[in-house]
Each structure stands twice: as structure tokens, then as C-alpha cells.
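Observations on the model geometry
These are the residues of each chain, in order.
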Amino acid sequence: MAAVPETVLSPTLRAKDYKSAVSPVWCPGCGDFAVLSAVTKALAYLKLPKEEVAIVSGIGCSSRLPAYIDGYGFHGVHGRALPLASGLKAARPGLTVLVAGGDGDGFSIGGNHFLHACRRNMDLTYIVMDNEVYGMTKGQASPTTQPDWERSKLTPHGTGIRRFQPPAIALAAGASFIARGFAGDPNGLTKLLVDAIQHPGFAFLHVLSPCQTFRPEQKEWKHLVHPCRLGPTDNPAQAAHLMQMDDGMALGTLYAQQLPVWQPANHATASPADFDQEFRI
Amino acid sequence: MDNPETHARATCIAITGSGGSGAVTTGLILLAAVARAGHYGLLTRSAGPQIRGGESAAMVRFGPRRVECMGDRFDILVGLDWSNVDRFVDELPLDARSLILTDAKGEPVPEVLTRSGAAVRQLPLKEIADGVADGRLNMVALGTLGALAGLPLSALEHGARTTIGTKGGNLLQGALQCIGAGYRLTLDGADAAGDAPISLASAERWNISGNEAAGLGALRGGVRFVAAYPITPASEMLEWLAPHLELVGGSLLQAEDELASVNMIIGASFGGVPSLTATSGPGLSLMMEGLGLAVASETPVVVANVQRGGPSTGIPTKSEQSDLNIALYGLHGDAPHLVLAALSIPDCALTFQWAVRLAEHLQATAIVLSDQLLGQSRAIVDPPAQFRGALERWVEHKPADDYRRYAVTADGISPMTLPGTPAGMYTADGLEHGPKGTPSSMARDHQAQLAKRLRKLRDFDYGPQWGEVRGTGPNCLLTWGSAAGAVFEAAERLTGAGIPTRAVALRLIAPLPQRDLAQALDGVSTILVVEQNQGGQLFHYLHAEQALPPWARSLARPGPLPLKPGEIVQACSEVD
């Protein structure tokens, strides 16, 4: 990310200044509150002018986040946050574009876009708040839910299929920054967000964000998370090994690599009237 | 009214052959040659499903007046060979006045063609080509064909130079020799039109395809971002746009699918850049949820739908006007949007330019219908018209303290800030919202926002671009999109035959320009609604809008055969 010019800095902005007046719809104790707070802290730390920030999301509990930030936002349709953000960034490269959503939005209905956003490597920050459940539709299994989780009426015997492995799939698809944070570790999460926003290219931040309502057992996550023992690395082979060993609870930057960033030049050398000549006989 | 007889002076030629025989190249050179000779012209093509090669046919119609559709029959059919010609028989109507031209030593002309009563002329095309270095049979045939059609040799040579002159080797030299030898074959060395200066039309003429014209119109309208997924027959529009967008400071992003492309253009347009995607029926189906988001969030977008035969994969390489229903009704919820249709190859430029300006000004979704017949055909035409109106997006650069993105205004259009504008922050949302954009499920917000989104389209004055009206007779042919070409010619023929007929073609289909259409239909005593689909999609829409009298009739015929003026004239006589 380019350095912010001094002239547009708003030195008085604090984290709370990035919060909008809209009240979240989230349940008490939802991990997404901590993510919202970390986003505002990271923006304040980076001294980003509010109007230069755009947050794009799809559908789901966590996708409600843009309205709670006092910046430009787009709360679009289910699963399509990454394409919408990619179009915005292609057209307006000077903006800091964050993308937020959940595990269903990003890995199920939006799974194809996740793959292609990773390999396109535009300068976007993608924050997935993973609670291993569809909360907004009242508790169905998501791609990251354990196969034997039987508490949804939709899958009374569990899904019976293996879990989606977000960091490993991001690595295979060509993402250039992969990190995992935890809603219960707000300071660590803020730091990861700062690094992700500053990373030039597609930064994928996988956030373990517990659902108090449909997955109360996730209260135990605070005892299960641990710092990533091997990372970070810029070597994809090492990263692949690390992710094979991953128990899903390792926190920190797992992989960071400088890769070519896709961004059109948007530099005009002609006007449409110049093209008439091509067709004249 | 133009003299209907003059269309009889338009010559119709078809060239058919297997993959590699050069049927389409021959057609392209012929089109350039007729342009050089001062004619108007039209080149349509038909291809089989093969990825590469395979049989194809090129159809060229030319004459001294505008050519807006293929004729009812062909004067000359050139068979470079007869491989799989049975696949094209329906598209190559011949009669006893037609001439079939083919190689003396090739296969015999198939009975499916000779049963028309057409004369057959077998000439030593291959023998001549074999005697020329880099000689090709199709170029010998082109020379003969040009002579028979009364074109000057120099025009054919010019056509070859401009069409294949940039290709390497001695291809051009061989072609020129073959064209000359073929030309002399029927005329014992004399030039049909002499080498006198060609009667080049004094006015400027263009050689352009519908997909190119659509791309040009989009750029003229201000489009600077395109995201799209390849699909037949829209891909050439994208292939033209990609390098040209770069030159004007824009970009084209090849998306992973149509769900992505429609959301990408919504994102770019939210950022303030006029944006478009191009697709065909299956892709449009995939985009519908995204278009609802564009409508709800009032983000301007334009979608080009270059229609093909449907439903499902249908007939990707051939034309049909069967996506009007999805364009009109495909969005869920109450989602007012614009539906426009280009009326001819050059009109693709005007219609797309206008559509972009309307979408921007009205912060609306515009679906613009073209089709394979317009998109993949080329024509020699007068320079495409430009839209001269000033329709801008209401961008708020200095929002007031009480800025409301979705303010309920009298005309329904609200101020829009762009990211980067201080104090203008808002979250665009597919959730229903209040005037500030904050999500709301309250009845009063829903009703106010729905009403505003309807009002801004319904109450806007669209001006004279709504459609084309030709003629004043009491009989009316009413149509939309690419069918307009055949309808205009049919109306002329009917009028010439003593049945005064007017033609009305809709460029703006939704919202329906009720007042203008009523005026255009004033005083008519018969109406035939003409369209190339099975269900009579325009006919039923117009009835639903109460825009037709109960005695109006429908001529709805599915593709992929293009509508011909003769069948429309025939249908009129059946109505009477």
C-alpha cells in the first residue's frame, strides 16, 4: 500500500471515529464485535482518511460489518463481495478496499471467487470471520463445520464431508498473504489487520470468530488457540507443510510473499473519436 | 417513401464451403469490394458447431440503397465444395432465377440445391487456381462471381488488398492473380464495368460489425470499465473493447464467471466509473441477482445481451430474439430497469451510447438487447449516429451535513457521492434502506424507495430516440431489435404494392414509451407485431401494458433463420 500523503492525514482520528452511528444486529458476545473494533483500530493506526476506505461485503452476520464503519461501504449479495471489491479496486486503485464476510459467504457460495481473487492478487484485504456455522439462517453447517456436527435439522447426521481448509486453499490458489487471527485476541488481530492492509496484494485474514448462539462450545477456543509455531514464511513449500500440520488454531501470519499485483494502468492515450478511422472505408 | 422497386437491384450472394475453403474470407473481400464500388452491403454468416474449421456460409447482399436485411432468395450461390451443405440448405433459398457456381471437377451439385430449378454453371476454378503460385479456388470463384455481379475488377482487387493484404507470404499476390483469372473466365477478358473510375459514394461509409458498433457506442457513452466472461456470440464485442478500453484509460477484466462480472461492474460503477458487461442468454440468467442489487443500490450498470437461440445452451452460433422476457421480467422483487434494443448494425452504436447515458443519469440498470444476427454480421453503412444529449450522473462533490444518498426527490433521482469524497460516506445496500442508506424493513421506507425507483424511470422524458417510425400508412408492422431491418423492407414492399404500411420499431422497450407509441399507432387499422421468437414476447408485453388494440395480430417465429421481408409480406396478406 502506498504511503498516505501527509496533507490528507487526519491526526485527530481515533478508533471510535471510524465507527458509524448504526447499531450492530449481532448477538451479545458475538466475536464479530471484536473484529469490528480491530478494524477501526487498524484504520486509526494507519491514519487512513475515512473517505479513502471502502468496505465491501456479501450476506451473513459478519457481512453486516460495512454499515458499522464510517467509511464508504457496499453490502452486496451473498457470496459476491470479492468480485464487487475487485471491480471497485480496478476502477479506483487509490482506495483502501477491505472485504469482509463469513465462512458460508466466502467458502461456499463465494468459493469460486475466493480462488480467483487469490490468484488475481489485487491489492485487497479479505477478512473472513469464521464461526463454522450459518448464523443468519439460524444454525446450519458451513464448509468449515466438522463433519459429525449434528445440531442442524438440515443435516441431522452431520454433513459427513471433510472441512474446507481456508489457509491451505488460499495458498494453493496463489494468495500472497495468509494469516489467522482470533476474536478473543483483539490486539493480535489488530496487528494482523495492519499487516494485511499494508501488504501489497491479496491479503487473506482468517479470523476465528465464535458464535455464542449456535456454537456455544466455541467458548473453548480461547483455550485451544496458540501462536503459529513455524511461520511466517515466504516459501510456499514450507507454508504448504505448515498448513498440512495446521490444527486450525494456529494464530499469526502463516505466509507472506511478494507477488505481482494485478492492477490495470487506467492511462488514456486516445479518445473514442480516434477509433472512427478504423471503420471508415 | 422510397421506391420499393429499388430493392430489386440489391444482389444476394451466398458462398459456402467446408473448413479451410475460405468461404468467410471470400465474403469479407466481397463486402469490401462492394463498398469500394459505391454500394451499401450486408454480410451475415452461418457456421457449424466445430471449434475450428467446419463448414460455413457467408451471405452478402449489396446494392445502391441501404441494405438492412438479407433478401428472400439468393441470386448466386457459390459452392467452394459441397461438404455438409445440407446443414445450410434451409438458410440458402434458391429458385429458378438463381445461379449455382461451382468447380467443374468437384463433386456434383447436391440434389437438395438443384431441385430449386437454379441453373448450374461449372467452371474450371480449381484448374486455374492450381496454375497460380499460392492460388486458391475461392479467389478464382470470387473473380467470376464479381464479374457476374457487375462489380469492377479493381474493386475486387481493392477488397483483397484491404482484407488479406496484411497476411504474410505471397497470399495476396496469388489472390489477385486468381481473382483476375476468375474474372476473365466468364467475360472473355472484358471488365464488366470497365476500368473507368468507380462511382464511389461521395458520402463517408463505414464497414463495421454489430459487436464492434456496440463496443464503440459503449466507449462513446463513457464506459471505462468492463468485466465479462467469454460467451458466444458476445465475445467479439469484448475482444474489440479490451484493447480500445486500454487506449482510453479504462480496463477490461476477464472474470471467473458471470456472477463475478456483474458484481465487478457494480463495484466499479460505485467507484464512479461508467461500467458495462456483455453476455448472452445463459450469462444473463446468471447475472439476475446482481442486477437486482444494482437496482436496489441505484448503481448505474449496462448489460449487453447478444442473444442467441435458447433456452439453455440452445444454438450458440445462431440468432434469436427470445430473451425479451428475461430482460423484462427476470429480476425478482419490484425492480424497475431499462430495456433497450438495437435496431440495426450501426444502431448498436447509438443504442449503447444512449443506454450508458440513461443508466448514468437515472442511476439505473440498463439491459441492451442485440443478437447474433447484428453482432456477428458486418455492414457497409452510413456513419453511425451519435447521441448528442447531456445526461450526467448526479455526483455530489460537496455533500451537505444532512447528505442523504437515497433522498426521496420529486424526480426520483438522488445525489450520489463517490468514495474519496469527504463527509459523503454511506453504505450502498441490497437490503431495503431509508434515505441515508441505513437498512430498514419499515413499510414506509420500502414504499418510499420503491416509488422513487419506479418514478425516476417512468417520469423521465426519453425524447425521440424511443424508436423509429417509417411510413404513414394505415397498416402497421410493429417490431423491436434486429427484426426491424426485415420489417422496414416489408413495409416498403407492401406500400409499393398498394398497401400503405408504416413500420414502428421500439428501441426503448422498458419503460414502455406509451405516449410516443400511441402517437405512432394513431390512425392504424391493422397491426402485426413481428419478432423472432416462438412465444410472441413483445406481443404479450404490449398487451399487458394495454398498448395494443384487441385486433392486433402476432407474427412470432423462432430462430435461427433470420426473418425475411417476404415472409412478413406474406403474413400481412394472410391477416388481411
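Please refer to the structure placed before this passage.
Residues numbered from 1 in each chain as written. Chains lettered and ligands numbered in written order. Predicted model: local features only at pLDDT ≥ 70, side-chain atom pairs only at ≥ 80, totals over all residues. Heavy atoms only, no water.

Some remarks on the pattern of salt bridges
Residues and elements named next belong to chain B.
- Overall, the coordinates contain 34 salt bridges over all chains when judged by the stated rule.
- Between E298 and K452 there is a salt bridge whose closest N-O contact spans 3.0 Å. Of this pair, E298 sits in the loop between α10 (281-297) and β11 (301-307) while K452 sits in helix α14 (residues 443-458), placing them 154 residues apart in sequence. In this pair, the class of E298 matches that of K452, namely buried.
- A network of salt bridges, in which partner residues are shared, links R61, D72, E489 and R493. (Salt bridge = Lys/Arg side-chain N within 4 Å of Asp/Glu carboxyl O. Helix = DSSP H or I, 4+ residues; strand = E, 2+ residues; numbered from the N terminus. Buried < 20%, exposed > 50% of the residue type's maximum accessible area, 1.4 Å probe, protein only.)

Brief notes about the sheet that holds strand β5 (residues 177-182) of chain A
- If you walk across this open sheet you meet the nine strands as β7(A)-β8(A)-β5(A)-β6(A)-β4(A)-β3(A)-β1(A)-β2(A)-β15(B), and the pairing is mixed. Each edge of the sheet is formed by a strand with only one pairing partner; in this case those strands are β7 (226-227) of chain A together with β15 (427-429) of chain B.
- In this sheet, strand β2 (residues 72-75) of chain A lies alongside strand β1 (residues 53-57) of chain A in parallel orientation, the contact comprising four bridges. By the bridge assignment for β2(A), V56(A) is matched with F74(A). (Pairing = 2+ DSSP bridges.)

Details of the packing of aromatic side chains
- Scanning the model with the defined rule gives 19 aromatic pairs over all chains in all.
- Taken together, a centroid distance of 6.2 Å and an interplanar angle of 40° make the contact between Y126(A) and F202(A) tilted. Of this pair, Y126(A) sits in strand β4 (residues 125-130) while F202(A) sits in the loop between α6 (186-198) and β6 (203-208), and the two are 76 residues apart along the sequence. Across the pair, exposure class does not vary: Y126(A) and F202(A) are buried alike.
- Sitting above the plane of the Y40(B) ring, R205(B) keeps its charged end 3.6 Å from the centroid.
- The side chain of R470(B) reaches across the aromatic face of F488(B), ending 3.7 Å from its centre. (Phe/Tyr/Trp six-rings, centres within 6.5 Å; stacked < 30°, edge-to-face > 60°. Lys NZ or Arg CZ within 6 Å of the ring centre and 35° of its normal.)

Quick notes on the sheet that holds strand β1 (residues 11-17) of chain B
Residues and elements named next belong to chain B.
- Across the sheet, eight strands lie side by side as β6-β5-β4-β1-β3-β2-β14-β7; this open sheet has mixed pairing. Whereas interior strands pair on both sides, the edge strands pair on one side only; in this sheet they are β6 (119-123) and β7 (206-209). The average undirected angle you get between the axes of adjacent strands in this sheet is 15°.
- Both β1 and strand β3 (residues 56-63) contribute to a ladder of seven bridges, which runs antiparallel. The residue bridging I13 from the neighbouring strand is V60, located in β3. (Axes fitted to C-alpha atoms, helices over the stretch in contact; angles between N-to-C directions.)

Notes on the layout of surface pockets
All names here are of chain B.
- As a volume, the largest pocket reaches approximately 870 Å³.
- Lining the largest pocket we find 33 residues, and of these R45, A47, I51, E236 and Q376 sit closest to its centre.
- Taken together, the elements giving at least two residues each to the lining of the largest pocket come down to α1 (23-36), β2 (40-47), α8 (235-247) and α13 (372-375).
- Top element by residues in the lining of the largest pocket is α8. It accounts for four residues.
- Taken together, the residues of the lining of the largest pocket sort by class into seven nonpolar, 19 polar and seven charged. (1 Å grid on protein atoms, 1.4 Å probe; cavity = no way out; pocket = protein on both sides within 12 Å on 5 of 7 lines; lining within 4 Å. Points joined across faces, edges and corners; volume = space filled by probe spheres on them. Nonpolar A, V, L, I, M, F, W, Y, C, P; charged D, E, K, R; others polar.)

Quick look at the pairing of strand β10 (residues 275-279) of chain B
All names here are of chain B.
- The buried count for β10 comes to five of five residues, which makes it a mostly enclosed element.
- Neither face of β10 is open: one carries S275, T277 and T279, the other L276 and A278, and all of them are buried.
- In this structure, strand β8 (residues 225-228) lies alongside β10, joined through two bridges in parallel fashion. When the bridges of β10 are listed, F225 appears paired with S275.

Concerning the pairing of strand β12 (residues 338-341) of chain B
Residues and elements named next belong to chain B.
- Side chains of β12 alternate between two faces, with L338 and L340 and V339 and A341 buried alike.
- Summarising the sheet, β12 and strand β13 (residues 365-371) pair through four bridges and their orientation is parallel. Residue L338 lies in a different strand from β13, and its bridge partner there is A366.
- As a crossover connection, the stretch from β12 through helix α12 (residues 347-362) into β13 is right-handed.
- Sheet topology note: the β12/strand β19 (residues 508-510) ladder contains two bridges and is antiparallel. By the bridge assignment for β19, V339 is matched with A510. (Right-handed = clockwise from strand over helix to strand, strands pointing away.)

Side note on the packing of helix α2 (residues 81-91) of chain A against helix α4 (residues 111-120) of chain A
All names here are of chain A.
- At a closest axis distance of 9 Å, the pairing of α2 and α4 adopts a crossing angle of 35°. Packed against α2, whose contacting residues are L82, P83 and S86, the element α4 presents H113, F114, A117 and R120 at the interface.
- Split by residue class, the contact of α2 with α4 holds four nonpolar, two polar and one charged. (Contact = heavy atoms within 4.5 Å.)

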